[in-house]
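Per-entry structural report
Here are the chains, one letter per residue:
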Amino acid sequence: MKLISIGTFAREVGLTPTTLRRMHKTGDLVPTYVSKGGTRYYSAEQLKKFSHQESQINLVIGYCRVSTSAQKDDLEKQVENVKAYMYAKGYEFEIIRDIGSGINYKKKGLRKLIEKINNQEVSKVVILSKDRLVRFGFELIEYLCTINHVEIEIIDKTEQSKEQELTDDFIQIITVFANRLYGQRSKKTKKKKLIEEVKQNASREENPASADA
């Protein structure tokens, strides 16, 4: 079995020999062989395994989301903006795309992201803005990141949201409560009426001039 000297191993993994000696003492990385004179040697397998672990730990996830399939072009623009930011930062990254409301926590991409955070497979999550992650409950995911030593990096910290997306999210909230509030026989008609009223009010908010005409 080929052994690697501590100096070579240190250069390959981007650490100093002093750090490797300290990791030996703490048990975080024990050399394969230590000579009678105290010289530490490592195996090629250790090098491969350690490098893989470091690459996982340093992985950054760029999470991009839009509310509906009709916004796929917006999603691609968002992805390009996030990519450009991470390239400029020199991150080793992976992009997770999601399509679904900001109040839907069952989205495939969001679940994948949370699993990676919980498994401590990433060091950082990059999002364009807070509401691209979730519309409500951002603090809960932020806390999950904190206890797993994952940082959330927000590119645009200004509070801004598209009116149409807010309307779509509100309609989903109304739909959930309408299903609980009304009986099975009449809920479809009443739910439809509620949704239409929400859309009309949103339209008047967006175009006040037309509402007054």
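In what follows, the structure referred to is the one given above.
Residues numbered from 1 in each chain as written. Predicted model: local features only at pLDDT ≥ 70, side-chain atom pairs only at ≥ 80, totals over all residues. Heavy atoms only, no water.

**Some thoughts on the sheet that holds strand S2 (residues 33-34)**
Within the open sheet, the three strands sit side by side as S1-S3-S2. Their pairing is antiparallel. Looking at strand neighbours, the two that pair on one side only are strand S1 (3-5) and S2, the edges of this open sheet. By the bridge criterion, three bridges tie S1 to strand S3 (residues 40-43) in an arrangement that is antiparallel. If you follow Ser5 over to S3, its bridge partner there is Tyr41. The sheet strands contacting helix H1 (residues 6-13) are S1 and S3, and the helix crosses S1 at an angle near 85°. (Pairing = 2+ DSSP bridges. Helix = DSSP H or I, 4+ residues; strand = E, 2+ residues; numbered from the N terminus. Contact = heavy atoms within 4.5 Å. Axes fitted to C-alpha atoms, helices over the stretch in contact; angles between N-to-C directions.)

**A closer look at the pattern of salt bridges**
Within the structure shown, the criterion is met by seven salt bridges. Ionic pairing is found between Glu94 and Lys116, a salt bridge with its closest N-O pair at 4.0 Å. With Glu94 in strand S5 (residues 93-99) and Lys116 in helix H5 (residues 108-118), the pair connects residues that are 22 residues apart, well separated along the chain. Using a relative accessible area of 23% as the deciding quantity, one classes Glu94 as partly exposed. In this structure Lys116 comes out as buried when scored by relative accessible area, which is 14%. Here Lys116 ties to Glu121 by a salt bridge, and the two come within 3.5 Å at their closest N and O atoms. A network of salt bridges, in which partner residues are shared, links Glu94, Lys112, Lys116 and Glu121. (Salt bridge = Lys/Arg side-chain N within 4 Å of Asp/Glu carboxyl O. Buried < 20%, exposed > 50% of the residue type's maximum accessible area, 1.4 Å probe, protein only.)

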